[in-house]
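Chain and residue survey
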Amino acid sequence: MMHMTLYWGKDVTLLIDSWKTDSWLSYLLTLLACFVFSSFYQYMEDRRLRFTSLASSNPSSAAVTAPLLPNRRRSAKFASAVLFGINSAIGYLLMLAIMSFNGGVFLAIVLGLAVGYLLFRCNDEETLKVDNACACA
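Rules used throughout
- Throughout, a residue's number is its position along its own chain's written sequence, starting from 1.
- Only residues with pLDDT of 70 or above have their local features reported here, since the model is predicted, and side-chain atom pairs are shown and tallied only from 80 upward, although totals for entire chains, interfaces and linings are computed over all residues.
- Based on all heavy atoms of the structure, the side-chain values leave hydrogens and waters out of the count.
- Labels follow the DSSP assignment, with helices taken as runs of H or I lasting at least four residues and strands as runs of E lasting at least two, numbered in each case from the N terminus.
- Three labels apply to residues, based on accessible area from a 1.4 Å probe with only protein chains included: buried if under 20% of the type maximum, exposed if over 50%, partly exposed otherwise in between.
- It only takes one pair of heavy atoms within 4.5 Å for two residues to be counted as in contact.
- Note on areas: Shrake-Rupley, 1.4 Å probe, and residue coverage restricted to the protein chains presented here.
- In this analysis, the expected span of each helix is defined as 1.5 Å times one less than the number of residues it contains.
- N or O atoms within 3.5 Å of each other form a polar contact, as long as, within protein, one can give a hydrogen and the other can take it, and as long as residues adjacent in sequence are counted only when both atoms are side-chain atoms.
- Lines fitted to the C-alpha atoms define the axes, with helices restricted to the stretch that makes contact. Angles between their N-to-C directions range from 0 to 180 degrees.
- The crossing is said to be left-handed when, going from far helix to near helix, the turn is anticlockwise and less than a right angle, and right-handed when the turn is clockwise.
- Note that Gly is not counted as nonpolar here; it falls among the polar residues with everything else outside the nonpolar set of Ala, Val, Leu, Ile, Met, Phe, Trp, Tyr, Cys and Pro and the charged set of Asp, Glu, Lys and Arg.
- Within a predicted model, pLDDT stands for the predictor's per-residue confidence, ranging from 0 to 100.
- What makes a nonpolar core is a set of buried Ala, Val, Leu, Ile, Met, Phe, Trp, Tyr and Cys residues whose side-chain atoms join them at distances within 4.5 Å.

Bringing the overall build of the chain into the picture now. Across its full length, the chain holds five helices and two strands. Moving toward the C terminus, one meets the helices and strands of the chain in the order β-β-α-α-α-α-α. Residue burial in the chain is summarised as follows: out of 137 residues, 33% are buried. Long-range contacts, defined here as pairs at least 24 residues apart, represent 69% of the contacts in the chain between residues at least 6 apart. By element, 69% of the accessible surface of the chain is carried by carbon and sulfur atoms, the whole surface being about 8900 Å².

For helix H4 (residues 103-121), with 19 residues, the first-to-last C-alpha span of 26 Å sits near the 27 Å given by 1.5 Å per residue. Considered for burial, the residues of H4 that qualify are Gly103, Gly104, Val105, Ala108, Ile109, Gly112, Leu113, Gly116 and Arg121. Backbone nitrogen of glycine 104 and a side-chain oxygen of the N-cap are separated by 2.9 Å at the start of H4; the cap is asparagine 102.

The next point concerns the packing of helix H1 (residues 24-55) against H4. Where H1 meets H4, the axes come as close as 7 Å, and the angle between the chain directions of the two elements is 35°. Read as a crossing pair, H1 and H4 show a hand that is right-handed. Residues Tyr27, Leu31, Cys34, Phe35, Ser38, Ser39, Tyr41, Gln42, Tyr43, Glu45, Asp46 and Leu49 of H1 touch H4, and the partners they reach there are Gly104, Val105, Ala108, Ile109, Leu111, Gly112, Leu113, Val115, Gly116, Tyr117, Phe120 and Arg121. Tallied by class, the residues present in the contact of H1 with H4 amount to 15 nonpolar, six polar and three charged.

On to the confidence of the model for the chain. Of all residues in the chain, 77% attain a pLDDT of 70 or more, and the chain-wide mean is 83. Mean pLDDT per element in the chain: helix H2 (residues 59-65) is the minimum at 51, and H4 is the maximum at 95.

So, about the nonpolar core. Residues Val12, Leu14, Cys34, Leu94, Val105 and Ile109 are the most contacted members of the largest nonpolar core, which totals 14 residues. Going through the elements one at a time, H1, helix H3 (72-98) and H4 are the ones with two or more residues in this core. Discounting chain neighbours no more than four positions away, the residues touching cysteine 34 are Leu14, Val105, Ala108 and Ile109.

Here we come to the side chain of serine 100. Position of serine 100 among the secondary structure elements: in the loop between H3 and H4. Among the polar contacts made by the side chain of serine 100, one reaches the main-chain carbonyl oxygen of alanine 97 at a distance of 2.8 Å. Excluding anything up to four places from it in sequence, serine 100 contacts Tyr7, Val12, Thr13, Leu14 and Val105.

So, on to the environment of cysteine 34. Assignment of secondary structure puts cysteine 34 in helix H1. Judged by its relative accessible area of 5%, cysteine 34 falls in the buried class. In sequence terms cysteine 34 and leucine 113 are 79 residues apart; their C-alpha atoms lie 9.8 Å from each other.

See the structure below:
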């Protein structure tokens, strides 16, 4: 049965029909997976922002420091685009997981995003310009 309001309990169907929790152990492992996956999202977002900053760096100074790597900016732009696609997919999967309306899943994902931000992106405020402050953008 699909819930349409926030509920608390160990019985959750997450993302696909075969991912059902029927015991407290499977529920806790699911919450741990949600936490790790949302922290990984923040790590991947940090990598994407670093590639974006590398792609927009001054090409004349890059040619002086790395004369044998003329396609560095193009490679960084491509990597940034690939990471954007991966981050978009992860963000949408996290959103769909939250739409299970389970309170534990909601808290695990929000806490995972916060811990991931603290670990990977907290110092980026001074060095990187963020175009969109939305966590799932």
